[in-house]
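# Report on the structure
Letter by letter, the chains look like this.
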Amino acid sequence: GESVGLHLPTLSVQEGDNSIINCAYSNSASDYFIWYKQESGKGPQFIIDIRSNMDKRQGQRVTVLLNKTVKHLSLQIAATQPGDSAVYFCAEKRGGADGLTFGKGTHLIIQP
Amino acid sequence: GAVVSQHPSWVICKSGTSVKIECRSLDFQATTMFWYRQFPKQSLMLMATSNEGSKATYEQGVEKDKFLINHASLTLSTLTVTSAHPEDSSFYICSASPAAGLAVTDTQYFGPGTRLTVL
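Residues numbered from 1 in each chain as written. Chains lettered and ligands numbered in written order. Predicted model: local features only at pLDDT ≥ 70, side-chain atom pairs only at ≥ 80, totals over all residues. Heavy atoms only, no water.

### A look at the state of the cysteines
Quick note on the threshold: We call a pair of cysteine sulfur atoms a disulfide when they lie within 2.5 Å. Here a strand is any run of E in DSSP of at least two residues, a helix any run of H or I of at least four, and the numbering for each starts at the N terminus. Note on classification: 1.4 Å probe, protein chains only; a residue is buried when its accessible area is under 20% of the maximum for its type, exposed when over 50%, partly exposed between these limits.
In the structure shown here, the tally under the stated rule is 2 disulfides over all chains. Between the sulfur atoms of C23 of chain A and its disulfide partner C90 of chain A the distance amounts to 1.6 Å. Residue C23 of chain A is found in strand β3 (residues 19–24), and its partner C90 of chain A is found in strand β9 (residues 86–93); the two are separated by 67 residues along the sequence. By relative accessible area, C23 of chain A is classed as buried at 8%. A relative accessible area of 5% places C90 of chain A in the buried class. Of all cysteine sulfurs, the one in C94 of chain B lies closest to C13 of chain B, which takes part in no disulfide; the gap is 18 Å.

### With respect to unusual backbone geometry
The omega angle of the peptide bond from H7 of chain B to P8 of chain B is 0°, so this bond is cis rather than trans. Following the sequence through the fold, P8 of chain B ends up in the loop between β1 (4–7) and β2 (10–13). With a phi angle near 55°, K71 of chain A is a residue other than glycine that sits in the positive phi range. Summarising the element assignment, K71 of chain A is placed in the loop between β7 (62–67) and β8 (72–77). Here K71 of chain A falls in the partly exposed class, since its relative accessible area comes to 28%.

### Considering the packing of aromatic side chains
To be explicit about the condition: A pair of Phe, Tyr and Trp rings is counted when the ring centres sit within 6.5 Å of each other, with Trp represented by its six-membered ring. The angle between the planes then sorts it: under 30 degrees is stacked, over 60 is edge-to-face, the rest tilted.
One pass over the full model with this rule turns up 10 aromatic pairs over all chains. A ring pair is formed by Y36 of chain A and F102 of chain A, whose centres lie 5.7 Å apart and whose planes are at 35°; its orientation type is tilted. Of this pair, Y36 of chain A sits in strand β4 (residues 32–38) while F102 of chain A sits in strand β10 (residues 101–102); the two residues are 66 residues apart in sequence, bridging distant segments of the chain. Looking at Y36 of chain A, the relative accessible area reads 2%, which means it is buried. Centroid distance Y36 of chain B to F110 of chain B: 5.4 Å. Interplanar angle 45°. Geometry classified as tilted. Taken together, the residues Y36 of chain B in strand β4 (residues 30–38) and F110 of chain B in strand β11 (residues 109–110) connect sequence positions 74 residues apart. Since its relative accessible area comes to 0%, Y36 of chain B is described here as buried. Taken together, Y36, F46, F89 and F102 of chain A together with Y36 and F110 of chain B form an aromatic cluster joined through their ring pairs.

This is the structure in C-alpha cells:
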C-alpha cells in the first residue's frame with residue numbers, strides 16, 4: 001500500500017503487479033510534464049513526458065495520465081520488475097527556457 | 001546520445017574553501033543549462049538557469065554571490081560554491097537542454113550529480 005513517511009512517500013508492490021504513482025502539480029500554466037526515475041546516488045533518468053494538449057501517453061511498459069482539471073499526473077508501470085525499484089519524481093515546466101519544478105517524489109519498493 | 005557529465009562526482013572540502021563543479025554536454029550543444037540541489041530524501045530544487053554568454057538567473061532564495069555560475073561555451077557550465085560551509089553539503093545536479101536552431105527544446109538531460117561534503 002501507499003504511505004507517507006517523514007520525507008518521501010513509499011509505495012510497495014509485488015513483483016509482476018502494476019504500479020501507479022500519483023503526483024499533484026502546482027502551476028496551472030505548466031504545459032509540459034515529465035516523469036523521472038532516480039536511483040540512489042545518481043541523477044534523474046527520463047522515463048516519459050506529456051504535453052498539456054494530451055491526456056494520455058504510452059511508452060514501453062509505462063503510461064502517463066494527465067488530468068488538467070484537478071492538476072493531477074500519474075505514472076503507471078506495468079508488470080513491475082525488481083529493476084523498477086527507485087524514487088520517481090514528476091516534474092513540470094512552462095514553455096521556453098524555464099527550469100523544472102519537481103514534485104516530492106515516491107519511493108517504489110518491489111517485493112519479491 | 002544526449003549525455004551530460006559532471007566532474008567531480010564527489011568532493012570533500014574544508015569549511016571556508018571554494019569548490020568548482022563542471023557540467024558538460026558531451027554530444028550536443030546546450031544554450032541553456034540548469035543547476036539543481038538535492039538534500040537527502042528530498043526532491044530536486046532548481047537553483048539557477050545558466051545561459052551561454054550571459055548572466056545566470058537565480059531562483060528566489062539562492063545567493064548569486066555564493067553560487068557562482070559561468071557558462072562559457074555551448075557545452076560547459078560551471079558552478080562554484082564559494083566559502084563553503086557544512087550546510088552547503090548536498091547533491092548538486094545539472095541538466096542541459098539541447099539547442100534546436102534558435103529555440104530551446106523542452107527536454108532536459110541530467111548529469112550524474114556531484115556529492116559535496118563540507119567538513
